[in-house]
Amino acid sequence: MVVGDVSTGTELAIIGAGPGGYVAAIRAGQLGIDVTLIEKDAWGGTCLNYGCIPSKALITATDVGHEADTATEMGIHADVKVDVEQMTSWKDGVVDQLTSGVEKLCKANGVNLVEGTAEFAGNGKLRVAHGGQGQGSETIEYENAIIATGSRAIQIPGFEYDSEYVLSSRDVLDLDSIPESLVVVGGGYIGMELSTVLAKMGCDVTVVEMLDDILPGYEDDVKRVVRKRAEDLGIDFRFGESASEWEERGDDIVVTTENADGESFEYATDKVFVAVGRQPVLDTLNLDAIDLEPNDDGRLETDHTGETDVDGVYAIGDVAPGPMLAHKASKEGQVVAEVVAGKPSALDYQAVPAAVFTDPEIGTVGLTEAEAEEEGFTPVVGKFPMSASGRALTTGHSDGFVRIVADEDSGFVLGAQIVGPEASELIAELGLAIEMGATLEDIAATIHTHPTLSEAVMEAAENALGHAIHTLNR
Amino acid sequence: MSENLTLVQAVRDGLHDAMAADDDVIALGEDIGKNGGVFRATQGLHEEFGDDRVIDTPLAESGIIGTAVGMAAYGLKPVPEIQFSGFMYPGFDQIVSHMSRMRTRSRGRFTLPMVLRAPYGGGIRAPEHHSESKEAFYTHEAGLKVVVPSTPYDTKGLLISAIRDPDPVVFLEPKKIYRSFREEVPDEDYEVPLGEASIRREGNDVSVFTWGAMTRPTLEAAENLEGEIDVEVVDLRTLDPMDEETIVESFEKTGRAAVVHEAPQTGGLAGEIAATLQEHSLLYQEAPVERITGFDTPFPLYALEDFYLPEAERISDGLREVMAF
Amino acid sequence: MPTEFKLPDVGEGVAEGEIVAWLVEEGDTVTEDQPVAEVETDKAVVEVPSPYNGTVRELHYDEGDVVPVGSVIVTFDVEGEEVEEVDVEPEETEDEAEAEPEAPDSGGRTFAPPSVRRLARELDVDLATVSGSGPSGRITEGDVRAAAEGEAEEAEADAEEAPKQAVSKVEEESVSAEPQEAAGREKTLAAPATRRVAEELGVDLNDVPAAEERDGEAFVDESAVRAYAESQQAAQAADTAAVQAGESGESGAREERVPYRGVRRTIGKQMEKSKYTAPHVTHHDTAVVDALADVREKLKPVAEDQGFRLTYMPFIVKAVVAGLKQHPYLNSQLDEENEEVVLKNYYNIGIAVATDAGLMVPVIENADEKSIPEIADEMRDLIERARERSISREEMQGGTFTLTNFGAIGGEYATPIINYPETAILGLGALEERPVAEDGDVVAKETLPLSLSIDHRVIDGAVAAEFANTVQEYLENPSMLLLE
């Protein structure tokens, strides 16, 4: 643009092309809305480029190597060599495929793609800076806007990511060589997933966690299975310690931690990986321009249609309240697109499933037994150990269980927790049961294929009803 | 087959289809060739049609227009672009002394099938000279047609009609809404006739006549007034020759009228329309014609731009005035 | 706190009273019902008691003052209680106890599949209020649809009432038709459009009463011009009527004013509308109905046995229907907006009935499909209910042709007004013996005078005459009715 500023008008402007933003854009395009999707980094956002996808790719790759290496009992003798650069480039290929897939899908649905960093410039206006290519910046005038800017890793003071020794999850997913040893600060799902990956590649991992156990939010018996396995893989755990500082010492570094009693400990290691949580990205948006403020948790309050306090401005994904999960963002994106198109859509899901891709996997949805009691139900619980599952035994991995929580009077399924192989997939059935208002009887009465892990779900339901076959009933 | 295009994309599409259909159609102007036009109105045309038909000119408006006059007199169909309508003034002599007069000067032997295109109007935060809205200079000059589209669909159709018209057309493109919204525009070559207004919204209480970038705020005002005043909105599309029939018919139905234009009030086309209505339909008139226009000042710099341009609230107030008489 | 006491209505339509004497002084303590003043009205002196316990803060009038009823005469300082607000506090506590419906035990969970939840949103049903019929109380699609229908029925009931109210409101709007004096100015300002209207209506702008001034001159708008034109017309009509009526000569007051409202006014409006819309032409003829009289005589006892009273009217209805079938333009309606004459293929015959409240026209639907006994019976029923005012509006709508039997009271010919929006009406004079010329002799025959008014926009005189001839044929040869 030579002089002046010809603004571009659009019905729906979406800031952020992660699993929330791009899904909203495609759905909006399907519904005939004139939609503009703005992304400052890479199509697909964190999930596709630096999170969900690359981490699962590496988890699979390392599993393959580890399985092959430890299957002598099955009669498999392998001499596994890991080429980390090749693994990383294979992972990159998967990511590229998906990223360009997102671009193509958007274009095919009539979505206008804009590369740049957006901020609000007043009601109904965004200012998008193009970061050097072509025009400097442009104004986009919107009728509706969705904030889908996602989250970033929390930095702890003293452990800023700008050093080559301090790794964020993005760095860990992009290694060109495996460090000999690694201190992992944070025993949440990101720390645990990547610890497992590195341990399986021979790294000597020590997990330092401030709380007294890993994976906050999950029940003790669930965590125990994962922690034991992690210990078997050679991961050391230090609970009740928080990282206070680090310094270089020769070729390596030393990380110092402190516990509640004031004692400090030192760990010599190659690098330190910090994964202590994520915070929503809202500070780059100039929300003041539209009089919007985050709440005390740093999120934007929304109603059942995803709308914020400002008419026509919606928030989805990690910037909105609720668990920071990609599938929750996607569902919100779909609903908001439908709402903008005038459909009577709403965020009325009964439960959001969650998965942790550790070894073994964890999959949960809905209420735990304790939560069900708190909500006024009289819970009945059914459990089925994986050690009693024929299929589990044939995979060589039989740690874990399936637990279903239901309401005693009505039989409605209220929640489920699964630890074990394929827990992330198995949990879907229970999610459907909760949304449908299905009862234990419905699951128990449905024939599940034999021999599969899903039978464990059926038997857990039968167990709650008192007639499971392959395990003792209460 | 059709696509959702913005107004400036429709300019490009129209120009492209006209050039593809007729080798005599030539585009010329500053930065229109390799650069694709400062607003991308001619993007890709140079690659497709080459140096001979898409010409990058020096910075010389008089030369651009004069050359086009010469080309047209010799049978070509030039489409010269002046980068901003405010820069037409250096070429004003070419327009009023030659472009408008060739037919009469040659007693009909020569006509000038040329279209002088320029982005016009305010609302883009530009410095001096870049926000002019002086369509009245050109309607006042006999021998010129003046066209101002307000939607992407109309833009393509009117541009193609203008290019095919044997007489010179001044085609003013409201740049404020170049990219404001998209509309379905058919892929094929089609024409929207010149000299025909379009009734954008029907109503019975008052007729509002407008064009260009002012059509959208006028429609917005009409929506806001729903339930209070039943507003009819007529988009003139061609300012010269004006569609008197449609204007008069609308006025005789409602009995009250307003004109919305961003050009300054004095000497602006609102006066012309008021006189026309009075001439044809005095006995139908129930109130004076309300002029909702830009002010009689030079176009302000951008801090005050929003006060100058009529917007929905000012238009609504004006319509209430008309109804209250 | 200070509390005002107004002079109460002491009865017998008294509007004011004179304060003969104050029985208390400012500062005195009073008890409830203690007399505070003596007040004289037209007829008597009464004591006015205090409604409160308290002290007299101020006496607002002097002895000898005449005070209108309702004026504040005393201000009291009342002990503690806020006596003002005694009356209408609702029983809040009781209501609150009942207000909260039983919150479901489920703690906010909904047991309904996603598709059912979406359906609820589409149909605007609140799932929290739906009880599920599925297993364990799961909410099904059927439950949601049933809930939606229940709500719709309620809404319909509400909506039905609304138009009725609207109708009555419209009827209440009064159109003042008081004649206006011509203003006789020299100069009047008006918008060009107003001038055109004035010209069309033949009104001189300088005569139109001006309620407004602009620029120091009288200004009139279109509505003022129209109102003046209407009042001129009404005044002329009133004058004519007065001249025709002459002096009423009733004892007592020279004039009597009777409210022009309700049914009377509605009839008036309808008549006005019909007469001023359709150019009326009335065609008169006489049917010689000896044969019909014979038939009726013979059938009368048969009818009595069957339990109904047989008049001439059912025969006439049938004859008219026969005529309408052959001359459809008299069974029509003019749709001016679409510029079409609507010829109707059904025959709803209205029967004009004189009631205490005025003229009413109940309609016999599909008279062509009914037998003479059926028509006779229906007619009797409709007329009875019309006279009792228990007939419904619907029963007086949808007519395609009207019969008015003024002959039942008396008279020969008339110029009936068409029942808008029909295009014709047949008036019947008294059916009795009259002299008829036959073969050079004058004989007494039973005759029925016919007065057929038609809308000349749609029907020409010739067509009217043909229709009248056809109807006459059937009336004079009643056996032809057997073929209909």
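Note that the structure is predicted; figures quoted are calculated from it, not measured.

A closer look at the overall build of chain C
Along chain C, the regular secondary structure elements total ten helices and 21 strands. For chain C, the proportion of its 484 residues judged to be buried stands at 25%. Relative to all contacts within chain C whose residues are 6 or more apart in sequence, the contacts with residues 24 or more apart total 61%.

Digging into the overall build of chain A
The secondary structure content of chain A amounts to 13 helices and 22 strands. Here chain A holds 474 residues, and 47% of them are scored as buried. Pairs at least 24 residues apart make up 64% of the contacts formed inside chain A by residues separated by at least 6 positions.

Here's the deal with the interface of chain C and chain B
Residue-level contacts link five residues of chain C with seven residues of chain B. Across the side of chain C that touches chain B, the residue classes break down as three nonpolar, no polar and two charged.

With respect to helix α7 (residues 152-164) of chain B
Residue and element names in this part refer to chain B. Here α7 contains 13 residues, and its C-alpha end-to-end distance of 19 Å stays within 8% of the 18 Å for a straight helix at 1.5 Å per residue. With eleven of its 13 residues buried, α7 lies for the most part within the structure. Turning to α7, its buried residues number three or more, namely P152, D154, T155, K156, G157, L158, L159, I160, S161, A162 and I163.

Here we look at helix α4 (residues 192-201) of chain C
All names here are of chain C. Residues of α4 that are buried include every one of A193, T194 and A198, and no others. Burial along α4 is one-sided: seen end-on, the buried residues are contained in an arc of 140°. One or two positions beyond α4, positive phi appears at G202, with a value near 70°.

What about the confidence of the model for chain C?
Residue and element names in this part refer to chain C. On average, residues of chain C carry a pLDDT of 81, and 83% of them reach 70 or more. For chain C, per-element mean pLDDT is lowest for helix α1 (residues 92-99), which scores 36, and highest for strand β19 (residues 424-428), which scores 95. Predicted confidence is poor over residues 161-177, with pLDDT under 50, and the contacts of this stretch with residues over four places away or in other chains come to three contacts. The complex prediction reports pTM at 0.67, with the ipTM value standing at 0.80.

Considerations on the interface of chain A and chain B
Tallying the contact residues gives twelve residues for chain A and 14 residues for chain B. In terms of residue class, the side of chain A that touches chain B is built from four nonpolar, five polar and three charged.

With respect to unusual backbone geometry
The step from D359 of chain A to P360 of chain A runs through a cis peptide bond, and the omega angle for that step is 0°. Along the chain, the position of P360 of chain A falls in the loop between β18 (354-356) and β19 (361-366). That bond from H450 of chain A to P451 of chain A is cis: its omega, 0°, falls within 30 degrees of zero. Positionally, P451 of chain A belongs in the loop between α12 (440-445) and α13 (455-465). The backbone of E422 of chain A shows a phi angle near 60°, a positive value even though the residue is not glycine. In this fold, E422 of chain A is placed in the loop between β22 (413-420) and α11 (423-436). The phi dihedral of D31 of chain B is positive, around 65°, even though this residue is not glycine. Mapped onto the elements, D31 of chain B comes out in the loop between β2 (25-29) and α2 (45-49).

Overview of the pairing of strand β2 (residues 35-39) of chain A
Residue and element names in this part refer to chain A. Of all five residues that make up β2, five are buried, and the element is covered over most of its length. Side-chain alternation along β2 places V35, L37 and E39 on one buried face and T36 and I38 on a second face that is also buried. Pairing analysis gives four bridges linking strand β1 (residues 8-15) to β2, with the strands arranged parallel. Counted as the bridge partner of I14 is L37 from β2. In this view, the connection linking β1 to its parallel neighbour β2 by way of helix α1 (residues 21-30) has right-handed handedness.

A word on the sheet that holds strand β21 (residues 401-407) of chain A
All names here are of chain A. Pairing within the open sheet is antiparallel, and its five strands lie in the order β18-β19-β22-β21-β20. In this open sheet, the two edge strands, each paired with only one partner strand, are β18 and β20 (379-385). The sheet shows a mean angle of 10° between the axes of neighbouring strands, direction not considered. The pairing of β19 with β22 spans six bridges and is antiparallel. Across the sheet, the residue bridging to G363 is I418, located in β22. Here α11 sits on the sheet in contact with β18, β19, β21 and β22, set at roughly 10° to β19.

Section: the nonpolar core
The biggest cluster of nonpolar side chains holds 106 residues, and the ones touching the most others in it are A162, F171, V208, A258, V259 and L319 of chain B. For A162 of chain B, the residues in contact, after removing those within four places along its chain, are V115, V147, V169, F171 and L194 of chain B. Of all hydrophobic cores here, the second largest spans 89 residues; its members include Y50, A243, W246 and I434 of chain A.

Notes on the packing of helix α3 (residues 52-69) of chain A against helix α4 (residues 84-108) of chain A
How two helices pack is summed up by the angle between their axes together with the distance between the axes. Residue and element names in this part refer to chain A. At their nearest, the axes of α3 and α4 sit 9 Å apart, and the two run at 140° to each other. As summarised for this structure, α3 and α4 are arranged oblique, according to the angle between their axes. Note on packing geometry: the crossing formed by α3 with α4 is right-handed. Packed against α3, whose contacting residues are I53, P54, A57, L58 and A61, the element α4 presents M87, K91, V94, V95 and L98 at the interface.

Some points on the environment of G312 of chain A
Residues and elements named next belong to chain A. In this fold, G312 is placed in the loop between β16 (278-280) and β17 (313-315). Placed 166 residues apart in sequence, G312 and I146 show a C-alpha to C-alpha distance of 8.4 Å. Filtering out sequence-adjacent residues up to four positions away, G312 remains in contact with E143, N144 and A145.

Here we look at the sheet that holds strand β1 (residues 2-6) of chain C
Residue and element names in this part refer to chain C. Strand order in this open sheet of four strands is β1-β8-β6-β3, and the pairing throughout is antiparallel. The open sheet terminates on both sides in strands that have one partner only, identified here as β1 and β3 (29-30). Two strands pair when backbone bridges link them, and β1 and strand β8 (residues 72-78) are joined in this way by five bridges, in the antiparallel orientation. The residue bridging P2 from the neighbouring strand is D77, located in β8.

Some points on the packing of α1 of chain A against helix α8 (residues 326-340) of chain A
Residue and element names in this part refer to chain A. The N-to-C vectors of α1 and α8 enclose an angle of 35°; their axes lie 7 Å apart at closest approach. The two elements α1 and α8 cross, and the hand of that crossing is right-handed. Side by side, α1 and α8 meet where G21, V23, A24, R27 and A28 of the first sit next to S330, G333, Q334, V336, A337, E338 and V340 of the second. Tallied by class, residues from the contact of α1 with α8 come to six nonpolar, four polar and two charged.

Looking at the pairing of strand β3 (residues 112-115) of chain A
In the case of a regular strand, side chains alternate between the two sheet surfaces. Residues and elements named next belong to chain A. Taking every second residue as pointing to the same face, the buried face of β3 carries N112 and V114, while none of L113 and E115 on the other face is buried. In terms of strand pairing, β2 meets β3 through four bridges, oriented parallel. Following the sheet pairing, E39 is matched in β3 by E115.

Concerning the environment of P35 of chain C
Residues and elements named next belong to chain C. Positionally, P35 belongs in strand β4 (residues 35-40). With 13 C-beta atoms packed within 10 Å, P35 lands in the partly exposed category. Residues P35 and S50, 15 residues apart in the sequence, show an inter-C-alpha distance of 6.0 Å. Once you skip the residues sitting within four places of it in the chain, P35 turns out to touch L23, E47, V48 and P49.

Reading the values: the criteria
Residues numbered from 1 in each chain as written. Chains lettered and ligands numbered in written order. Predicted model: local features only at pLDDT ≥ 70, side-chain atom pairs only at ≥ 80, totals over all residues. Helix = DSSP H or I, 4+ residues; strand = E, 2+ residues; numbered from the N terminus. Buried ≥ 20, exposed ≤ 12 C-beta atoms within 10 Å, placed from the backbone. Contact = placed C-beta atoms within 7 Å. Nonpolar A, V, L, I, M, F, W, Y, C, P; charged D, E, K, R; others polar. Expected span 1.5 Å × (residues − 1). Arc of directions from axis to C-beta. pLDDT = per-residue confidence, 0-100. Pairing = 2+ DSSP bridges. Right-handed = clockwise from strand over helix to strand, strands pointing away. Axes fitted to C-alpha atoms, helices over the stretch in contact; angles between N-to-C directions. Core = buried A, V, L, I, M, F, W, Y, C linked by C-beta atoms within 7 Å. Parallel < 35°, antiparallel > 145°, perpendicular 65-115°, else oblique. Left-handed = near helix turned anticlockwise from the far one by under 90°.

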